[in-house]
Amino acid sequence: MSTKLTGSQAVLQSLIEEGTEYIFGYPGGAIMPVYDAMMDYEDQIKHILTRHEQGAIHAAQGYARVTGKVGVCMATSGPGATNLITGIADAMIDSTPLVCITGQVGSPLLGTDAFQETDVVGISMPVTKWNVLVTKPEEIPFAIAQAFFIAKTGRPGPVLVDITKDAQFGSLDFNYKKCTNIRSYEPKPVFEPEKIEQAAQLINAAKKPYVLLGQGVILGNAEAEFKAFIEKAGLPTAWTILGVSALDSDHPLNMGMLGMHGNYSTNVMNNQCDVLIAVGMRFDDRVTGDLKRFAKQAKVIHMEIDPAEIDKNVKTDVAILGDVKDTLPVLTRLLEKRDHAEWIAEFKKLDAIENEKVIQKDFYPDKEGLTMGEVVRRINERTGGKAIIVTDVGQHQMFASRYAKHKQTRNFVTSGGLGTMGFGLPAAHGAAMGCPDKDVILFVGDGGFQMTIQELGTINQTEANVKVVLLNNKYLGMVRQWQQLFFDRRYSQTYLMNPDFIMIAKGFGIEGKKVMHRPELDAAIDEMLSHKGAYVLEVSIEKEDNVFPMVPTGASVSEVILEPPQK
């Protein structure tokens, strides 16, 4: 039975029908009819007024990443819509399900360069999974139903629904029907049993098998299936930066992090294994290093839901298309029970070298100044690996990825593929809204913090429990590290003359403290964690506190370095 609604009401009612809890957004002229209608829906759906549209979309990303639900954000036309683009691109490459709703000028004004008119559908086309311009009110429910279906099925991603102002003002007979299929769109490929049999034969015959764990396991809710898979065959496993927390940090088959700043053993063993099994990951260049020298000795098995990723970067011997939640149990049944103890011992030998040359120096530095590694370690010890860890982008991101321990899935949120500075603070806010009963700890640098620092206002207004750990070395740290190592310490435009961050936080109504010396650190961490509500803990860090190991650009993963090259 249909109900007479305006287009604006239909937008909100459609979101409610999809189970939307929060809209992260910012009003403006072209979306104002929807914001006016919100007044009548306040008891059914909550709007979070961010301080910038970029804050809205990053918050929606954080919410989606920790809950597994579709994040929703809203903005007006023109600059409001274009301010979402960075977040949309970030969500696209990191496979985050989002529905972005933007207002647009009235239909008669399309193409006239009207005030705040921008072709956001055209602009966003390369970085959305799907987008659509809606010009009639009766098109709204169907467009939003399709948007949710596309965003959350298959390989997730962002979609954008651009709605003209006259469509919002118009009326329709509202009758919502959730979308369950779209002609020519097959989100979940049907797997081929013979491919799984081929993969099982390779794994059973392998002497040095090695698993690369990606975010696809988390997105597919296949953590239990993955654990059963590696445990049956005794498969050593490393994870990408987006696969963090899919496997407990202390699991005996968890070998550590892959990539440019991953662990020593996990990188070297890429070029020593005889069978490489990639599960839900896309062979990003930060994982592979020089593709011409990546795992050439190994047979490669790739388990993936997106056909576009097969053979895109690394040539596979066996490709298993399908949802890993479906394909992993089938493969596991065909595997022989193994332990590969001698092979795993090879990882442990390299781990001992890294521990001596890198980790102990990060955790227990012999210098007066504080290091990022020891701050991450001390906070992680106090939270027991149960807090949601969010990062911005830079050195602190790598330290948090390497050293934060996890006992639960969906406990790590970061900008992986795009590496978006400014992501951290709003994403942490979204994560806190999605999981209000969990501690949310943000590790952020002084550069990225200032890109979206205004979102402290949103956090204060919503009383979100975000604990900000500001690791301040007064530099754009990752760029400075590269300048130190590869540009003869020519620190061009990376020094930051920073403000009084604690005073700014207090101006937003948020308590905080600055720590400059090691003896003050433990008490300050305890104060932060025991504080009710948001808190900013600023820690002064050594300027040349660098993150190692490191695979230099253009190098093979087996050429990973543990310390600065000698000049």
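Here the structure is a predicted model, which is why all the values come from computation and not from measurement.

Reading guide: rules and limits
- Residues numbered from 1 in each chain as written.
- Predicted model: local features only at pLDDT ≥ 70, side-chain atom pairs only at ≥ 80, totals over all residues.
- Heavy atoms only, no water.
- Buried < 20%, exposed > 50% of the residue type's maximum accessible area, 1.4 Å probe, protein only.
- Helix = DSSP H or I, 4+ residues; strand = E, 2+ residues; numbered from the N terminus.
- Domains from an automatic or database assignment.
- Contact = heavy atoms within 4.5 Å.
- Buried area = accessible area lost by both parts, 1.4 Å probe.
- Salt bridge = Lys/Arg side-chain N within 4 Å of Asp/Glu carboxyl O.
- Polar contact = N/O pair within 3.5 Å; in protein donor to acceptor, adjacent residues only side chain to side chain.
- Nonpolar A, V, L, I, M, F, W, Y, C, P; charged D, E, K, R; others polar.
- Pairing = 2+ DSSP bridges.
- Patch = residues over 30% accessible without salt bridge, like charges linked within 9 Å, V, L, I, M, F, W, Y side chains within 5 Å.
- Areas by Shrake-Rupley, 256 points an atom, 1.4 Å probe, with all protein chains shown as cover.
- Lys, Arg positive; Asp, Glu negative; His and termini not counted.
- Charge placed at Lys NZ, Arg CZ, Asp CG, Glu CD.
- Core = buried A, V, L, I, M, F, W, Y, C linked by side-chain atoms within 4.5 Å.
- Axes fitted to C-alpha atoms, helices over the stretch in contact; angles between N-to-C directions.

Trainee: Tell me about helix 17 (residues 395–403), and please be specific about residues and values.
Mentor: With nine of nine residues buried, helix 17 lies mostly within the body of the structure. Of all the positions in helix 17, only Q395, H396, Q397, M398, F399, A400, S401, R402 and Y403 are classed as buried.

Trainee: Before we move on, could you go through the domain arrangement of the protein and cite the residues and values that matter?
Mentor: Taken domain by domain, the protein consists of domain 1 (3–174), domain 2 (193–346) and domain 3 (368–541). The distance between the C-alpha centroids of domain 1 and domain 3 comes to 30 Å. Every contact between the two is made by 24 residues of domain 1 and, on the other side, 28 residues of domain 3. Note on domain 1 versus domain 3: buried area summed over both sides is about 2,000 Å², and carbon and sulfur give 62% of it. Considering only the surface of domain 1 that becomes buried against domain 3, R51, R65 and V66 emerge as the three largest contributors, covering 33% of it. Counting across the domain 1 and domain 3 interface gives zero salt bridges. Counting every contact that joins domain 1 to domain 3 gives eleven residue pairs in polar contact (both at pLDDT 80 or more). Within the residue set of the side of domain 1 that touches domain 3, elements represented by two or more residues are strand 2 (22–25), strand 3 (46–49), helix 3 (53–67) and helix 5 (85–93). It is helix 3 that contributes the most residues to the side of domain 1 that touches domain 3, eleven residues altogether. Classifying every residue of the side of domain 1 that touches domain 3 gives ten nonpolar, ten polar and four charged.

Trainee: Before we move on, could you go through the pairing of strand 8 (residues 171–174) and cite the residues and values that matter?
Mentor: The two faces of the sheet receive side chains in turn, since in a regular strand these alternate between them. Residues of strand 8 alternate between two faces, with L172 and F174 buried on one and S171 and D173 left unburied on the opposite face. As paired elements, strand 1 (residues 3–6) and strand 8 share four bridges and run antiparallel to each other. Looking at strand 8, one finds that T3 is bridged to F174.

Trainee: Can you explain a negative patch on the surface? Please cite residues and give values.
Mentor: There is a patch of like negative charges on the surface, built from D36, D40, E42 and D43. Of note, D36 is situated in helix 2 (residues 32–38). Overall, D36 belongs to the exposed group, its relative accessible area being 56%.

Trainee: Pulling in residues and values, what's your account of the side chain of N270?
Mentor: Tracing the chain through its elements places N270 in the loop between helix 12 (264–268) and strand 12 (275–279). Judged by its relative accessible area of 0%, N270 falls in the buried class. Only 3.0 Å separates the side chain of N270 from the backbone oxygen of T266, close enough to count as a polar contact.

Trainee: Can you lay out the sheet that holds strand 20 (residues 535–540) for me, pointing to particular residues and giving the numbers?
Mentor: The sheet built from six strands is open, its strands ordered 16-15-17-18-20-19 with parallel pairing. Whereas interior strands pair on both sides, the edge strands pair on one side only; in this sheet they are strand 16 (412–413) and strand 19 (511–515). Pairing between strand 15 (residues 388–391) and strand 16: two bridges, direction parallel. Bridging across to strand 16, I389 finds its partner in F412.

Trainee: Account for the nonpolar core, with residues named and values stated.
Mentor: Among the nonpolar cores identified, the biggest contains 98 residues, and Y210, F229, L276 and V279 are the most heavily contacted of them. Ranked by residue count, the leading element in this core is helix 15 (residues 341–363), at seven residues. Counting contributing residues, this core receives three or more from each of domain 2 (193–346) and domain 3 (368–541). With 52 residues, the next largest nonpolar core counts V121, L160, A431 and A534 among its residues.

Trainee: Describe in detail the sheet that holds strand 9 (residues 209–213), supporting the description with residues and values.
Mentor: Read across the open sheet, the six strands follow the order 11-10-9-12-13-14; overall the sheet is parallel. Both edges of this open sheet fall to strand 11 (254–257) and strand 14 (318–321), since each of them pairs with a single strand only. Averaged over neighbouring strand pairs, the angle between their axes works out to 20° when direction is ignored. Note: strand 12 against strand 13 (residues 299–304), five bridges, orientation parallel.

Trainee: Describe the side chain of T494, naming the residues involved and giving the relevant values.
Mentor: Mapping T494 onto the fold places it in the loop between helix 21 (477–486) and helix 22 (501–507). A distance of 3.0 Å separates a polar atom in the side chain of T494 from a polar atom in the side chain of Q483. Among all residues touching T494, those that are not within four sequence positions of it are K474, Y475, L476, V479, R480 and Q483.

Trainee: How would you explain the environment of Q450 if you had to name every residue and give the values?
Mentor: Mapping Q450 onto the fold places it in helix 19 (residues 446–451). According to the relative accessible area criterion, Q450 is partly exposed, its value standing at 32%. Put simply, Q450 and L425 are 25 residues apart on the chain and 9.6 Å apart in space, counted from C-alpha to C-alpha. In contact with Q450, not counting residues within four places along its chain, are L496, N498, P499 and F501. Only 2.9 Å separates the side chain of Q450 from the backbone oxygen of D446, close enough to count as a polar contact.

Trainee: Could you give an account of the environment of L328, with specific residues and numbers?
Mentor: On the secondary structure map, L328 appears in helix 14 (residues 324–333). Judged by relative accessible area, L328 falls into the buried class, the value being 0%. Aside from chain neighbours lying at most four places away, what touches L328 is E225, F226, F229, V279 and M303.

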